[in-house]
Amino acid sequence: MNCAQIVKYLDAYVDGELEAGRMIEVEAHLDHCETCGALTVLRRRMKSEIAALDDGIVAPDHLRRRVEGLPRTGTRRLKVAIFAAVPIAAAAALLLVFTVGPWSTSEAGGEPMAAVVDDLVQRHARELPMEFKGPDPSLAASWFRGKVDFPVHAPRLKLSNASFQGARLSSVQAHQAAHMVYTVDGHRVTLMIFPVDNLVVRGGNEVRVDGKNVVLGHRNGYNVAVMIDRDMAYALSSDLSPERLISLFTELSI
Amino acid sequence: MARSGKREKEEQQRFESACVEHLDALYATALRMTRNTSNAEELVQDTYVRVFRFADSFEWGTNLKAWLFRILTNTFINNYRHKVHERRYLERVATEPIYDQVLDSEARKFASDPEAHVFSSFFKKELDRALDELPDDYRTVVVLSDLQGFSYKEISQMMECPMGTVMSRLHRGRRILQRELIDHAVAAGIVSVSEVEQKKSGREPTDLKEFRRSRENGS
Ligand SMILES: [Zn+2]
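Conventions adopted
- Residues numbered from 1 in each chain as written.
- Chains lettered and ligands numbered in written order.
- Predicted model: local features only at pLDDT ≥ 70, side-chain atom pairs only at ≥ 80, totals over all residues.
- Heavy atoms only, no water.
- Contact = heavy atoms within 4.5 Å.
- Buried area = accessible area lost by both parts, 1.4 Å probe.
- Salt bridge = Lys/Arg side-chain N within 4 Å of Asp/Glu carboxyl O.
- Polar contact = N/O pair within 3.5 Å; in protein donor to acceptor, adjacent residues only side chain to side chain.
- Helix = DSSP H or I, 4+ residues; strand = E, 2+ residues; numbered from the N terminus.
- Nonpolar A, V, L, I, M, F, W, Y, C, P; charged D, E, K, R; others polar.
- Donors = N, O, S within 2.8 Å, 3.2 Å for Na, K, Ca; no water.
- Tetrahedral: all angles 85-135°; square planar, octahedral: opposite > 155°, others 65-115°.
- Buried < 20%, exposed > 50% of the residue type's maximum accessible area, 1.4 Å probe, protein only.

Trainee: I would appreciate a short explanation of the interface of chain B and chain A in the present structure.
Mentor: In many reports, interface size means the accessible area that the parts give up when they come together. The partner chain A presents 54 residues to the 58 residues of chain B that form the contact. Of the roughly 5,400 Å² buried between chain B and chain A, counting both surfaces, carbon and sulfur atoms make up 54%. Inspection of the region where chain B meets chain A yields 9 salt bridges. Counting the contacts that link chain B with chain A gives 21 residue pairs in polar contact (both at pLDDT 80 or more). Broken down by secondary-structure element, the contributors of at least two residues to the side of chain B that touches chain A are helix 1 (3-20), helix 2 (23-34), helix 3 (37-53), helix 6 (97-112), helix 7 (120-133), helix 8 (136-147) and helix 10 (163-187) of chain B. Among the elements that line the side of chain B that touches chain A, the one with the most residues is helix 3 of chain B, at 12 residues. Taken together, the residues of the side of chain B that touches chain A sort by class into 28 nonpolar, 12 polar and 18 charged.

Trainee: Can you help me understand the coordination of the zinc ion in this one?
Mentor: Expected angles at a metal are 109.5 degrees for tetrahedral coordination by four donors and either 90 or 180 degrees for octahedral coordination by six donors. Residue and element names in this part refer to chain A. In the first shell of the zinc ion, the protein supplies Cys 3 (SG), His 29 (NE2), Cys 33 (SG) and Cys 36 (SG), at 2.1 to 2.3 Å from the metal. Around the zinc ion, the 4 donor atoms sit at angles spanning 102 to 114°, and that spread fits a shape best called tetrahedral. Between consecutive donor residues of the zinc ion, the sequence gaps follow C-x25-H-x3-C-x2-C. For the pair Cys 33 and Cys 36, a shared accessibility class is recorded, and that class is buried.

Below, the structure written as structure tokens:
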């Protein structure tokens, strides 16, 4: 075996994955070739240094608690429950009451808000699996109880063309968030509820809806509308238009 | 309640706590994969949602850690990994034959250099950064092999690709790391200047610098 061939087998040799016959050949070469020997030492050292890189990394406590609190949906004997969206009984849509002010763009707080919008759109776009399955949103509120340290009310559905898909625990800028997914007019809509104490949710386009501030944002083809009410943020993300999202605050009675 | 029901429940609890025992390792790996704490947390949570949901598909007596990492890797590849076109481009750049030859001769020179031993004190920080900068597929293979100690066969099952692909990604990934470390040693002045000149003259400028530049422009 020559030096060029050794390089081909070096990874498997260092990983202990080389078959016995090849190993003998490699070792015979290493016995008399200094540079291949040096290269092997370098590779071994690199491997052991990499192996120790993450020593002492532990999962944060809040993640451990979240994992330990996850529902055991598919127990060792229960079959996986298949979720089917059930259409909600028709109910009259409420009259929309909001005023669209002039689209103001304020610069202060624009950046932190951008980070929040990034998170919201990312969570929405990924179509993450739900821990709690629909179709009854009123059960979701109790599911969140004890899992998050803020009040969650899962909006009831007043629309004939909307259904509740499910809920999960999530995060916005490393803050815990209640994540709920609805389908409206065939479009997926994500509702995130989270406390705003340490987050800047301001700037960008702001409108007044029912006397409350709603901040609008968009990213990667998705629109985001965030309503702030008593230190809580209610954020809707979807590919629906901003106007439609704003109307949903009222229609879903958020 | 029947005895068998009680035993089943105990078995289930045993299974669940065995799964949670691997939380730290899964989190550390998720952090390597996503390179971002909030995405890592999200990835680990998604993984456990699936773990508990598909608990039925785990067979006792097989390797639980490998099974958990298979779900983690799958979730990462399907939901978090960077876009395909970017990956193809990087693989193409990193597999230029000229790159291989240059790396080999440089690494040999470097490894044989007695001064290279000073290098180990710089190792950790540089290696950490270089590993994080590897393309997703290469990084994932290196992490699963070197950090978590999985076999080629286990990794091929986790990534749902042939063993040959695992081996070539590992090979490429480690070469890039090796090269980064040598560059670092040169920059830190551990290897003498004349040595640098010697290396520069024998090297095509189409390698890692180019690779990095194109990656920056591409993303
Ligand atoms: Zn040799």
